[in-house]
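Residue-level structural notes
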Amino acid sequence: MNKRPLLRPVMLAGTGSDVGKSIIATAFCRIFKQDGYSPAPFKAQNMALNSYATPEGLEIGRAQAVQAEAAGVPCHTDMNPLLLKPSSDKTSQVVLNGKPIGHRNAYDYFKTEGREELRTAVNAAFHRLAEKYNPIVMEGAGSISELNLRHTDLVNMSMAKEADADVILVADIDRGGVFASVYGSIMLQTPEDRKRIKGIIVNKFRGDLRLFQSGIKIMEEISGVPVLGVVPYYKDIHIEEEDSLALSKKQWTAMQGKVNVAVILLKHLSNFTDFNMMERDPRVNLYYTNNIDEIKKADIIILPGSKSTIADLYEIRQNGVATAIINAHKNGSTVFGVCGGYQMMGEEVLDPEGVEGEITHFPGLGLLPTSTQLKGEKITRQVAFQFLDEPGLCRGYEIHMGITTLTQKAGRPCKIQDGEADGCYVSERCMGSYIHGILDNIQVIDYLLRPFISEKKYCTTVDYATFKEEQYDKLADHVREHINIPLLYSILEKR
């Protein structure tokens, strides 16, 4: 541990969902690291389909893995002890300390009965983390003023009380009503919780900051809480996003002059961060779609991961997307499947244990000679592997509930360091793999693009790990410029 003065935990709480809590928490993790502290992120309860495998082979929310990366520490389940992975509009898989413990519908999950067991688990995770790191950068969930859920809250003000944390309220000015949302969020707290709110951050500002100077004064007067800063909206900083709301910004179309890569927009699409590196490759135009005409235009079609493989397979058969993929492949397009998408590309998906529902057998797309049987036990692990004969070691991670076997002789694209083989390879234009993050490796991207680009455009020097480090530093610089960091330290150093 460094010799810097100890800081109190800080919680980034929100006036609502998607106000930018995760991004500000990521920035704070990097800022504290830069300033000589040993920070670590913490979110007691997260709801997301984007998840990540820890070095121990356990599962956490992707946002906390990103924040740990910004903090320069290995991710751990104590950083996100409770993860909810939606499997329908009303039901989620519950992952506790990195392992699934079953499915719950929303009504049962938020009942008082059994709540203390979960509370004990998340509190214990926080205290284990606080023994090793300082400060702990905590993140709330949604709005802190959901009064009907206050008695069962595990992640917002009750967690701040348990941690004795100072709370910074994050508000999104871009959506409008920022004064009402800030004032209401503070005044709806109990007197005890209200005292914990030590600062306000106004996020996603567009325009001339000088025009909001009077707004800062008004906000401080009506709330009695200092405004730490107003953070402008940015477009040139790229941090991996967790929330599926980000997908609404990624639904583009094919264009001339680049390799068109269509990621199939599944209803239960998971881990869309798998495609961030390819999306930023200057040779590529990557877009998300379930439009048949846009699929026809794609040079490369990617079937992504899914939280409900059979349900998504059923839907793409019903809406014509499956036929469009098969026809595009016949006409020369590459089809590449990742995790659930890899399962869909096979001959069949079997679910005799009812892992995903009542359908026990469903035909796949028939593009790969494989059969998948879904299993109740989830496989989660980080892997190092070689991709085909491409030079260099690649890295990724697995999170899946199923075993896929070859029904006839075929190749395996990935040779994992422990001697196992992964995936199925039919040709350079038809293959799949269970490995998330496989497209974070430039060797794999270069291989997929090779049939569609000229030799002179083939080589690239993109290094995704270096790129991400640069983005964390840019984010920290952006937030430092617009947040009163000395005031933040003054708040956190008080006893």
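Quick caveat, the model's predicted, so the values are computed rather than measured.

**Looking at unusual backbone geometry**
Negative phi characterises most residues that are not glycine, and trans characterises most peptide bonds. A cis geometry characterises the amide bond from Asn134 onward to Pro135, with omega recorded as 0 degrees. You can see Pro135 is positioned in the loop between helix 4 (115-132) and strand 9 (136-139). Phi at Lys204 takes a positive value of approximately 65 degrees, unusual for a residue other than glycine. Tracing the chain through its elements places Lys204 in strand 11 (residues 197-205). At Cys339, a residue that is not glycine, the phi angle is positive and equals roughly 55 degrees. By secondary structure assignment, the location of Cys339 is in the loop between strand 18 (334-338) and helix 13 (340-344).

**Comments concerning helix 1 (residues 21-34)**
End to end, helix 1 covers 20 Å across 14 residues, agreeing with the expected 20 Å (1.5 Å per residue, within 8%). Most of helix 1 is tucked away: 10 of the 14 residues are buried. Of the residues flanking the end of helix 1, it is Gly36, one or two places downstream, whose phi is positive at about 95 degrees.

**Things to note about the pairing of strand 12 (residues 227-232)**
A large share of strand 12 lies buried, amounting to six of its six residues. Judged from the five bridges that link them, strand 11 and strand 12 form a sheet pairing that is parallel. By the bridge assignment for strand 12, Asn203 is matched with Val231.

**Digging into a nonpolar patch on the surface**
A grouping of Phe179, Tyr183, Met187, Ile218 and Ile222 is seen on the molecular surface, where their side chains present a nonpolar patch of about 390 Å² in accessible area. Within the residue set of the nonpolar patch, elements represented by two or more residues are helix 6 (178-187) and helix 8 (213-223). Examined against the element boundaries, Tyr183 turns out to sit in helix 6.

**Let's talk about the packing of helix 1 against helix 15 (residues 464-482)**
The contact between helix 1 and helix 15 brings their axes to 8 Å, and the two run at 95 degrees. As judged from the angle between their axes, helix 1 and helix 15 are roughly perpendicular. Residues Ile23, Ile24, Thr26, Ala27, Phe28, Arg30, Ile31 and Gln34 of helix 1 touch helix 15, and the partners they reach there are Glu469, Tyr472, Asp473, Leu475, Ala476, Val479 and Arg480. Classifying every residue of the contact of helix 1 with helix 15 gives nine nonpolar, two polar and four charged.

**Details of the nonpolar core**
Judged by nonpolar contacts, the single largest core of 82 residues is most densely connected at Leu12, Phe28, Phe32, Phe42, Met138 and Ile201. Residue contributions to this core peak at seven residues, all from helix 1. Sequence-distant contacts of Ile201, that is, excluding residues within four places in its chain, are made with Leu12, Ile24, Phe28, Ile168, Leu169, Val170, Ala171, Leu228, Gly229, Val231 and Ile483.

**Remarks on the environment of Gly392**
Structurally, the position occupied by Gly392 is in the loop between strand 22 (379-387) and strand 23 (394-400). Note: C-alpha distance between Gly392 and Ile218 (174 residues apart in sequence) is 57 Å. Those residues in contact with Gly392 that lie beyond four places of it in its chain are Phe385, Gln386 and Gln443.

**Concerning the pairing of strand 27 (residues 424-427)**
Walk down a regular strand and you will see the side chains alternate between the two sheet faces. Note: strand 27 against strand 28 (residues 430-433), three bridges, orientation antiparallel. Bridged to Tyr425 within strand 28 is Met431. Joining the antiparallel neighbours strand 27 and strand 28 is a turn of two residues.

**A look at the packing of helix 2 (residues 62-71) against helix 15**
Closest axis-to-axis distance for the helix 2/helix 15 pair is 10 Å, and the angle between their directions is 80 degrees. Taken together, helix 2 and helix 15 sit at an angle that is classed as roughly perpendicular. Where helix 2 approaches helix 15, its residues Val66, Glu69 and Ala70 are matched on the opposing element by Lys468, Glu469 and Tyr472.

**Remarks on the sheet that holds strand 23**
On the basis of which strands lie adjacent, the open sheet formed by four strands has the order 23-22-25-26 and antiparallel pairing. The sheet is open, and its two borders are formed by strand 23 and strand 26 (421-422), each paired with just one other strand. As defined by bridge partners, strand 22 adjoins strand 25 (residues 414-416) across three bridges and the pair is classed as antiparallel. Note that in strand 25 the partner of Phe387 across the bridge is Cys414.

**Thoughts on the sheet that holds strand 3 (residues 45-47)**
Taken in spatial order, the four strands of this open sheet run 3-6-7-8, and their pairing is mixed. Either end of the sheet is taken by a strand with one partner, and the two such strands are strand 3 and strand 8 (99-105). Between one strand and the next, the sheet's axes are offset by a mean angle of 25 degrees, whatever the strand orientation. Pairing analysis gives three bridges linking strand 3 to strand 6 (residues 82-86), with the strands arranged parallel. In the strand pairing of strand 6, Gln45 is matched with Leu82.

About the thresholds
- The residue count restarts for each chain, going from 1 along the sequence in the order it is written.
- Local features in a predicted model are, by the rule used here, given only for residues with pLDDT of at least 70; side-chain atom pairs are given and counted only at 80 or more, and totals for whole chains, interfaces and linings are based on all residues.
- Side-chain metrics rest on all non-hydrogen atoms present in the structure, leaving aside hydrogens and water.
- Starting at the N terminus, helices and strands are each numbered in turn, a helix being any DSSP run of H or I of at least four residues and a strand any DSSP run of E of at least two.
- Given the number of residues in a helix, its expected span is that number minus one, multiplied by 1.5 Å.
- Classification of residues uses two cut-offs on accessible area relative to the type maximum, computed with a 1.4 Å probe and protein chains only: under 20% is buried, over 50% is exposed, and between them is partly exposed.
- By definition, two strands form a pair when at least two bridges between them are found by DSSP.
- The patches reported here contain residues having more than 30% relative accessible area and no salt bridge. Joining distances are 9 Å for like charges and 5 Å for nonpolar side chains (Val, Leu, Ile, Met, Phe, Trp, Tyr).
- Reported accessibility uses the Shrake-Rupley method at a 1.4 Å probe radius. Residues are deemed covered only where the shown protein chains occlude them.
- By convention in these notes, a salt bridge is any Lys or Arg side-chain nitrogen within 4 Å of a carboxyl oxygen on Asp or Glu.
- Each axis is a line fitted through C-alpha atoms, and for a helix only the stretch in contact is used; angles between axes span 0 to 180 degrees, taken between their N-to-C directions.
- Throughout, the term roughly parallel applies to angles under 35 degrees, roughly antiparallel to angles over 145, roughly perpendicular to angles from 65 to 115, and oblique to all others.
- For this analysis, residues touch if any pair of their heavy atoms sits within 4.5 Å.
- Nonpolar residues are Ala, Val, Leu, Ile, Met, Phe, Trp, Tyr, Cys and Pro. Charged residues are Asp, Glu, Lys and Arg, and all others, Gly as well, are polar.
- Only buried residues count toward a nonpolar core, which is a set of Ala, Val, Leu, Ile, Met, Phe, Trp, Tyr and Cys residues joined through side-chain atoms within 4.5 Å.

Structural measurements only, silent on function.
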